[in-house]
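# Topology and contacts: notes
In case you want the letters, here they are:
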Amino acid sequence: MKAAVITFPGSNCDRDLARGFELAGADVVRVWHKDTDLPAGIDIVGVPGGFSYGDYLRCGAIAAQSPIGRAVRDFAGRGGHVIGICNGFQILTEMGLLPGALMRNASLKYICKPVTLRVATADSIYTSGYAKGDEVVFPIAHHDGNYTIDAEGLARLEGEDRVAFRYADNPNGSMADIAGVLSENRRVLGMMPHPERAVEQAQGGTDGVALFRALAGMMAGA
Amino acid sequence: MEEPKINPDLIAAHGLKPDEYDRILDIIGREPSFTELGIFSAMWNEHCSYKSSKKWLRTLHTTGPQVICGPGENAGVVDIGDGQAVVFKMESHNHPSYIEPHQGAATGVGGILRDVFTMGARPIAAMDALSFGLPSHPKTAHLVKGVVEGIGAYGNAFGVPNVGGEVRFHAAYNGNCLVNAFAAGLADADKIFYSAASGVGMPVVYLGAKTGRDGVGGATMASAEFDDTIEEKRPTVQVGDPFTEKCLLEACLELMASDSVISIQDMGAAGLTCSAVEMGDKGGLGIKLQLDAVPQREKNMTAYEMMLSESQERMLMVLKPEKEAEARAIFEKWDLDFAIVGETIAEDRFLILHGNEVKADLPLSKLSSSAPEYDRPWVETPAAKPFPGLPAITPIAALKALVGSPNHAHKGWVWEQYDTQVGADTVRRPGLGAGVVRVHGTEKALAFTSDVTPRYVRANPFEGGKQAVAEAWRNLTAVGATPLAATDNLNFGNPEKPEIMGQFVGAIKGIGEACRALDFPIVSGNVSLYNETDGTGILPTPTIGAVGLLATLDDLIAGAPGAGDQAVVIGETRGHLGQSALAYEAFGIEDGDAPPVDLATERRNGDFLRANRKLVKAASDLSDGGLALAAFEMAEAAGVGITLDAADIGFLFGEDQARYLVAVAATDLAALTAAAKTAGVPVALAGQFGGDTVKLGGDSASLAALRTLYRSAFAKAIEG
């Protein structure tokens, strides 16, 4: 499997995400934000956490308009797989690849801690390594992770089984405890928690391994 | 633009004493220009010149086989084997944080990160030691919220994990909070960058963000006491931009890898002035700057303003001339300013040109080497009042008084606002003793801690200074690390008062003695004096930040015990309650002497723990709050109960030094006891972990109830 990991100037989880892919056996190409095209032959694009362009405006708003942002949107439009974590999730919603928005945490504070999530669907390449209802612990680290969507949009997400993860104990005020959502074609995932911070015992847990392994495994067969 | 005329008021407004101004006249043989006066005031204020402290700082222990670079550069550099080095320092941003807590603290973090990456190291860990006034004081909640938010906003966006620190409250900080920021980075030992310029005619290059009027005179402000005009000082606080700092980090590391850099220095206090003088002075060269080339954020800036601006996220570099195109391309890639603003010159001159005018022409070497140095009068701190003893209290009531106090409550409210895991190498987050971060791509790890007990230092500066070092050394030991070296951030009141100077001298002597006895050199540091408001000084607070090495993660000792583990105290317990946390929190008693620190015993007991780490499942150092508090913290973290057999308050809450609490499997107890006997180390079985209650002698409470108190007390104190 070949993964492209985007680096915006303010990305700070790009190395960590690349390592998550690499530990699962994937090849990783690092892509600079000023590039206008994605490398050929990639199976998935990773949009990492961080503060893309400082996020002084609205998190991810400028990244969504960047040169590489357009290439990522085109890639997804052609049916490509894209995973956005934390700031990556914010960027994917700003691009319109995923519905809803990430508002300020209900506490109005940045929150960093390990949280327990429930796998809400196993019906995606990303969650296929888990069973529906499995509890996994991933760290969160964000100021704007309060997932918000209109009633109609929420009903659609629920009706189409597109909620990937839910918080067991909602830390940020997200609607319906939503921690991660899938696109209509189930090939784009956005999530606030960091699976790449849970891939080695030294980090305190390995619940993220199944996500990266499933990706590497299914892509290898593709 | 016409510069103001020099007069006694203007001189005083620059923080220069009349005799210091006479010294300037002696050096240059004429009246200085306004810009020159500004340059002298920037170089000679306490913050930049260390004029009150230099004499005593020289007495510290700063060398050892592990030390690659000791004090005097931007940060200390210590060998961690395999051709790698850890680069670290701690620095205060006290005065700005009191005036504008969010930006003051944020730029403190930014400054210390730049100190580390200007030496070629990628930051891998940060800590913050914070001291505030009482939660009931009207300013405290505002300061705590702002400082914590500012630290988080900067460090989280920059992308450095925050792995430790301290938060304390005491009335002595009501008018003067302390924000001490620590950062550590990782570099190749043979690729460290220093500030000394070399070669004549080499381009001096300005890197990073543009220069504005923010922070003009900041270092001078930070060297004065506060009074009721404090609100007028707000414009001297700088504004931080962590996004630009992150770009500057990446651009600088790329630049350094391209072999373009002769020397490099971040622009911190007194910005362009300090950094240019430092590079010239260390290299024995002069510097010529053409200010028209300085990237400016605002129109019509004067030479004075540009030389004294403390705009953030800027660096000054001496460049290999043949590398200009390559270096410029790197900064353009990161959308940062890159401007040649001057050159090195052979004469001993600091020559500042703006337009067609010479704005300053000073003998460069005199700016730092001829800075005033004072042997300030000092008096020995008198012996502390005898400890009166404590009123009767039951063990559980005593424990509740501690865990329900904001000083000893769980600090998650603070550090959950910091990214503690970015970089994906954090092995141990804040909360229990030292933080631990893996050395990326290896099985090695580094441990970080910051410690001081200011009440001890006030009662007995010498023993208190020793204790701060010993506690840091113990915290590193308790996670299984070998202590490597330390940085000191010395926060005191007005050094012109002999009793304050006496605290400073006593603490330095204690720190020096402890560092020598423990082979634990001080490799960097910072002095913050004049922490006074309306004549009232802070508690003397010499914060010790320290770093230890785990050669392999297998050496790591956990913090949380398991049910059934035996609770064993390493070291001798005598029940010293003078200056204890219990006396202060339960009864408001701040009498008695600090606990004495026997450094040979410290060393012996710590070495014993490290040598026997395989027999130990979890460990904690014993410090303020004593055995009972440490046992509760370990049990609470693990979600198990604890039974301590003793009911004696001195045994449970005494703060005798050189002690650890360890959790030992029942089957290993005999082996540990035998090893202790051989090593001549006292060990005592104090109880067991397990169950769901906390029992101290015959007194008990449910773990759940105590946990609720422990986990809510901090937020309650700050948010009501």
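Preceding block: the structure.
As a starting point, this report considers the structure included with it. Keep in mind that this is a model prediction, so the values were computed, not measured.

Attention now goes to the overall build of chain B. Looking only at helices and strands, one finds 25 helices and 28 strands in chain B. Relative to the globule expectation of 27 Å for 720 residues, the C-alpha radius of gyration of chain B, 26 Å, shows essentially globular dimensions. Seen along its three principal axes, the alpha-carbon backbone of chain B occupies a region of about 85 × 50 × 45 Å. Across the 720 residues in chain B, those meeting the buried criterion constitute 64%. In chain B, 85% of the contacts between residues at least 6 apart in sequence involve partners at least 24 apart. For chain B, the exposed area adds up to about 22900 Å²; of that, 52% sits on carbon and sulfur atoms. Chain B carries 60 positive and 91 negative side-chain charges, and their two centres are separated by 2 Å.

Ranked by size, the top nonpolar core spans 138 residues in total, and within it A:F21, A:F165 and B:F331 carry the most contacts. Among the elements that line this core, the one with the most residues is helix α10 (residues 242–257) of chain B, at nine residues. Discounting chain neighbours no more than four positions away, the residues touching B:F331 are B:L207, B:G208, B:L248, B:A251, B:C252, B:L255, B:L336, B:D337 and B:F338. With 57 residues, the next largest nonpolar core counts B:V469, B:A481, B:A486 and B:I544 among its residues.

Another aspect to go through is the side chain of A:S174. Residue and element names in this part refer to chain A. The residue S174 is located in the loop between β9 (163–167) and β10 (178–182) in this model. Within the local environment of S174, its side chain forms a polar contact with the backbone oxygen of G145, the two atoms lying 3.0 Å apart. A distance of 2.9 Å separates the side chain of S174 from the backbone nitrogen of Y147, its partner in a polar contact. Dropping the residues within four chain positions of it, S174 is found in contact with G145, N146, Y147 and Y167.

This brings us to the sheet that holds strand β7 (residues 135–142) of chain A. Residue and element names in this part refer to chain A. If you trace the nine strands from one edge of the open sheet to the other, you get β2-β1-β3-β4-β11-β10-β9-β6-β7, paired in mixed fashion. Since the sheet does not close on itself, it has two edges, and those belong to β2 (27–32) and β7, each with one partner. On average, each strand axis in the sheet is tilted by 20 degrees relative to the strand beside it, whichever way the strands run. As judged from the three bridges shared by β9 and β10, these two strands associate in the antiparallel manner. Within the sheet, the bridge partner assigned to V163 lies in β10 and is V181. Sitting on the sheet, helix α3 (residues 87–95) is in contact with β3 (44–47), β4 (81–85), β10 and β11 (188–191), with an inclination near 125 degrees to β4.

A few words now on unusual backbone geometry. Most peptide bonds are trans, and most residues other than glycine sit at a negative phi. Even without being a glycine, A:D161 presents a positive backbone phi close to 55 degrees. For A:D161, the position within the fold is in the loop between α4 (151–159) and β9. According to the relative accessible area criterion, A:D161 is partly exposed, its value standing at 28%. Here B:A658, not a glycine, exhibits a phi torsion of approximately 60 degrees, which is positive. With a relative accessible area of 5%, B:A658 lands in the buried category.

The subject of this paragraph is helix α11 (residues 271–283) of chain B. All names here are of chain B. Taking 1.5 Å per residue, 13 residues should reach 18 Å; α11 reaches 19 Å between its end C-alpha atoms and fits that length. For α11, every residue scored as buried is listed here: G271, L272, T273, C274, S275, A276, V277, M279 and G280. Positive phi shows up at G284, right after α11, with a value of about 65 degrees.

Within this structure, the stated rule accounts for 61 salt bridges over all chains. A salt bridge links A:R15 to B:D425, with the nearest nitrogen and oxygen atoms 3.4 Å apart. Placement of the pair is A:R15 in helix α1 (residues 14–23) and B:D425 in the loop between α16 (412–415) and β14 (426–428), with the two residues belonging to separate chains. What makes B:D425 buried here is its relative accessible area of 6%. A salt bridge links B:R213 to B:E298; the nearest nitrogen and oxygen atoms lie 3.1 Å apart. On the criterion of sequence distance, the pair formed by B:R213 in the loop between β7 (203–208) and α9 (218–221) and B:E298 in the loop between β9 (286–290) and α12 (303–308) is long-range, its members being 85 residues apart. Note on B:E298: relative accessible area 28%, which makes it partly exposed. Several salt bridges converge on common partners, so that one network encompasses A:R15, A:D16, A:R19, A:E200, B:D425 and B:R438.

What counts as what
- Residues numbered from 1 in each chain as written.
- Chains lettered and ligands numbered in written order.
- Predicted model: local features only at pLDDT ≥ 70, side-chain atom pairs only at ≥ 80, totals over all residues.
- Heavy atoms only, no water.
- Helix = DSSP H or I, 4+ residues; strand = E, 2+ residues; numbered from the N terminus.
- Rg over C-alpha atoms; globule rule 2.2 N^0.38 Å.
- Buried < 20%, exposed > 50% of the residue type's maximum accessible area, 1.4 Å probe, protein only.
- Contact = heavy atoms within 4.5 Å.
- Areas by Shrake-Rupley, 256 points an atom, 1.4 Å probe, with all protein chains shown as cover.
- Lys, Arg positive; Asp, Glu negative; His and termini not counted.
- Charge placed at Lys NZ, Arg CZ, Asp CG, Glu CD.
- Core = buried A, V, L, I, M, F, W, Y, C linked by side-chain atoms within 4.5 Å.
- Polar contact = N/O pair within 3.5 Å; in protein donor to acceptor, adjacent residues only side chain to side chain.
- Pairing = 2+ DSSP bridges.
- Axes fitted to C-alpha atoms, helices over the stretch in contact; angles between N-to-C directions.
- Expected span 1.5 Å × (residues − 1).
- Salt bridge = Lys/Arg side-chain N within 4 Å of Asp/Glu carboxyl O.

In short, shape yes, function no, at least from these values alone.
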